[in-house]
Amino acid sequence: MAKNGSTLFKGEEKGFDKRYFSDPEDLPGLAHFCEHMLFLGTEPFPEENSFDTYLTANSGFSNAFTEAEDTCFFFSCGTSALRGALERFGAFFRAPLFTESATEREVNAINSEHLKNVPNDVFRLGQVLNSRANPAHPYHRFGTGNIKTLLEDTAAKGINLRAELLAYYQRFYRAPLMTLCIIGKEPLSELHSYAERFFGEIPGDSGAVEPESKYWKDPLFLPAAFDKGVEVVPISDALSLQVGFPISFRQSSHVVAEQEPPAAPPADGAGPRVLLKLVEFGESALLGWDDPAMRQGMTLASWRWYNPSSHVGAVLGHEGAQSLTALLRERGWITALETGSADNTSTFAMMLVGMELTAEGFKKQDEILKILFGYLNFLRQLPEFPKESLVENLRLSECGWITREEPGPQDAAVELSGAMQDWAFPRDYVAGNTRLRDGPGLKGTVEALLANLQPSNALVTVVSRSCKGPETEKWYGTRYGFRDLQSLKQQWQSAKVAPGLGVPPPNPFLPRQLELKAPRQQPDGLSKAFEGPRLRQEDDWKAYFRQDTEYGVPKAFVFVELPTAILCCDGKNAVAARIYEAMCLGALQEKLLYDAQVAGLAFNFSVSTRGVQLFFGGFDDRLADFASQAMDAVLSFEPNRAPGGFEVQKDKLRRELESFASQPPISQAAYWAGLALVMPEFSLEELQRSAKEIRLSDVVQFASKLWDSARGELKTSLCWGNLRPAEGDMLVAKLRERLKSPGTTGEEAPQPRVAQLPVTPVGPGVALVHDVMDKLEENSAVEVLFQGGTTRGGDAAKLQRLAELQVLASVMSDQFYEQLRTREQLGYIVSCRADRNEGVFGIVFVVQGAAKSALEVLGRIDAFLDTVPGMLRAKTEAEITQLADSLAQARLARPQQLLSAAERCWGEIRSHEFRWTRPLDEALAIRQVRKTQVVEAYDRLLASGGAERRRLCSLVVPSRAASAVAKELAKQGAEVIEDPQAFARSRPKWPLSNEKLASRAG
Ligand SMILES: [Zn+2]
């Protein structure tokens, strides 16, 4: 159980009559509301957010989420703080305060969360699907809640919200429904004693928990729901087709019983009462599977044990030769197809087939559905489900399982506590659903799933702005309409398989061996752990290499950068690059990339203002072969040989750019700030214009210039992983061979530049004010950024300044959240954090909400900033030191996975900073920070009158109020920027590590 530096805990509770599924019918959102309320004070720790304050002081973090059937609470913190954190956390589950005042205020946080979701198509489409479900089934409900469900409706009906909250809590927050996972470096016996001490008092079963949910008996969808297709009008310019197949589990084999936990309880009988709710499960449950009658339905046990959706998905979602995807792409009707299961609950799941359509595909949607059902009919009519495919999936799953890297402690705890709810025996907790299982029932289960994928059981949804929307969904206001599909469904029932479709051929990239080339060993000492890669330079190529001995997985990763200024400041080339990338990767997908990807090999390439980036990675066994093949395929790809692809990708890009308008206001605020600060950067408008005008000949011309210009300069690569030095050299030699050029100029990649904000000792500073792009959006967003300095060219003084700023951000962050979110309820997204952008560091405050206008929010941020000196005065030197220590400790945590370690190193190479020991250096600097320095950093950088106060605020406002807001800000002394890019051009830039590397954009 011992992990790296941090510790984590997650508690989760779950019953039959489940979380938001267990909301009272007249109180949607109660389970979610209860989740929020637990953070707002407990008897032993009555202060609101005291848990988060404690965690922040110990480089920790906490969060929670409520799904259909469970609410999950989790946190992580520095190792030394585990006991204190568990003490505070445990009180959530036995002694929450639920004060009147917090109950009233927190409804606003729920409402802000809902308003944040309103313009989001994922929530909108999900709720349209829910609205089609049987009104008697909880799947029909609205789980988030808002001010109407929690406050207005309860008031109108005379329901006391707080009383309902208490009743809900008392009924469901009970030990038998909860699972607990603690990951810490302490000995198991000690962790066990924490569990006993801090969770042992949680009430047990009072007998109030119903043995069986009442919705077992209610059908998920009524028969009429299947007769009609639904046409939804999205916010974004999406074009898609989705077919959902509800899979209801047969009840009879869903044996749920309270049992002894598999591990013997402690001898003294005083064990924690957080027991497992055991679901009877295991081989024995599956013995009946050869009985054909059993195939008439799916059981929860077989669904979980055999994971049939991943097997059916592997065939249905295959993208290689003879696949559905390849055929539909070839016809120019779709750009992507995905399959998988969703909404996995204990009584049902949904099997989904989702397609991204082209404009042509939208017109051919009935034809596409006929082909889909024809293919499903074909699979059903095979004498048996393709055995080779099952075997291959099992083998690949096993490869993935054997070489699985440990997830971070936080992810591990979230995963494990969830798996403890789903699986009866500890041996299955870790494998959960990630490891596919073989067994006598596999084939039957897969066939049982296939039997469900019929037109008569299909919920068809098409999404397009061109749909008419006579109906309005109740909670999100989504416009949608119905279309009768009964007679079409009749035809699809007997649809024939389209010519060219078949079962997937064998995968040529299956790894043959997974062997470690060097024994795994823990690095001895920190400086060893942060050792940099070896460099070997030949005239046109700088090759960095490191053989992994730390992570012990049979994988390797290769990054290559070919500098070219071809994109420079030309929006048209940027658009040509995007279309070229998409056309090329699309063309390679069927022949090469899909199989490779399934077999654990990844390839990507992209063109940015710096040049061409290539990435190869995965199991090292076939990596060199694969890299050569992928490189050959890219270099021989000719855009004019795939003319259909051009129109499809052009239209897709146009719609993607269009869809930026539906990004949350906070992302829009960051976009405008980015335009004003980073060069070169393309504006949305520029890209949209170019995307409209571009022709195939532009892409052809771009592609021919791209590789010539990219070959001509100094190439850089990093090869990191399970490779011997000679193998690494060989791999690079193969790439070099393919990318060689007769003469090179020896130029390195151009670097983006960050504009230096002017010093404005008082007032709002530089201001960007924009209307929110999406008219439906009610939230406004405010981002306030203070630039602090740069670490580029990194001497000790620069690192020290960065360290001071990080400690300052950490001191402010939970206070900021507590004040603006918990007390003032200004919005759901409220945060203050240290910021880093191309080596330039600073502090950023963001608030997104609808409760107050953007100007008022800005005023509240300023009011908060004025309280910081007092807050700092109240901190003791020891408190600052503790905070700094915990920040430093977090900084020293090793990346959990090989790829992250490699990426970090590649970042140092790309920025030309080469500070391999950065975490160590920064941690040392952070440890040296004293209170006087934090106060001084605040006075200098953030305070009114600060000698180096460089401040930018970016406001995004609803209701077309931007010009009025801009005027008001100008009155307050702001420098309001009309043209962010012109501003970026006009400003001096922060220095780079090496001035020669300045972007050729200027
Ligand atoms: Zn929430």
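Here's a quick rundown of the structure. (Residues numbered from 1 in each chain as written. Predicted model: local features only at pLDDT ≥ 70, side-chain atom pairs only at ≥ 80, totals over all residues. Heavy atoms only, no water.)

Structural notes on the coordination of the zinc ion
Line of reasoning, step 1. For the zinc ion, the protein coordination sphere consists of His32 (NE2), His36 (NE2), Glu113 (OE) and Glu113 (OE), at 2.0 to 2.8 Å.
Line of reasoning, step 2. Taken together, the four donor atoms coordinating the zinc ion and their angles of 52 to 146° define a geometry best described as irregular.
Line of reasoning, step 3. Spacing between the donor residues of the zinc ion along their common chain follows H-x3-H-x76-E. Taken as a pair, His32 in helix 1 (residues 30-37) and Glu113 in helix 4 (residues 100-117) lie far apart in primary sequence, 81 residues in all. (Donors = N, O, S within 2.8 Å, 3.2 Å for Na, K, Ca; no water. Tetrahedral: all angles 85-135°; square planar, octahedral: opposite > 155°, others 65-115°. Helix = DSSP H or I, 4+ residues; strand = E, 2+ residues; numbered from the N terminus.)

Some remarks on the pairing of strand 17 (residues 611-619)
Line of reasoning, step 1. The buried fraction of strand 17 amounts to nine of the nine residues, a majority that puts the element mostly inside the structure.
Line of reasoning, step 2. Summarising the sheet, strand 15 (residues 555-563) and strand 17 pair through nine bridges and their orientation is antiparallel. Residue pairing across strands places Ala556 opposite Gly618, the latter belonging to strand 17.
Line of reasoning, step 3. Pairing geometry for strand 16 (residues 601-607) and strand 17, over seven bridges, is antiparallel. Bridge pairing in strand 17 links Ala602 to Gly617.
Line of reasoning, step 4. Between strand 16 and strand 17, which pair antiparallel in sequence order, lie three residues. (Buried < 20%, exposed > 50% of the residue type's maximum accessible area, 1.4 Å probe, protein only. Pairing = 2+ DSSP bridges.)

A few points about the side chain of Ser780
Line of reasoning, step 1. For Ser780, the position within the fold is in strand 22 (residues 780-790).
Line of reasoning, step 2. Residue classification places Ser780 among the buried positions, given a relative accessible area of 4%.

A closer look at the pattern of salt bridges
Line of reasoning, step 1. Throughout the structure, instances matching the rule amount to 54 salt bridges.
Line of reasoning, step 2. Of the charged contacts in the structure, one is a salt bridge between Arg105 and Glu48, with a shortest N-O distance of 2.7 Å. Placement of the pair is Arg105 in helix 4 and Glu48 in the loop between helix 1 and helix 2 (50-56), with a sequence separation of 57 residues.
Line of reasoning, step 3. The buried category is assigned to Glu48, whose relative accessible area is 16%.
Line of reasoning, step 4. Its salt-bridge partner being Arg894, residue Glu550 comes within 2.8 Å of it at the nearest N-O pair. Pair noted here: Glu550 is in the loop between strand 14 (541-547) and strand 15 and Arg894 is in the loop between helix 29 (877-891) and helix 30 (898-910), with a separation of 344 residues, a long-range link.
Line of reasoning, step 5. What makes Glu550 buried here is its relative accessible area of 10%.
Line of reasoning, step 6. Linked by salt bridges that have partners in common, Arg792, Arg836, Glu838, Arg891, Glu908, Glu913, Arg918 and Glu922 make up one network. (Salt bridge = Lys/Arg side-chain N within 4 Å of Asp/Glu carboxyl O.)

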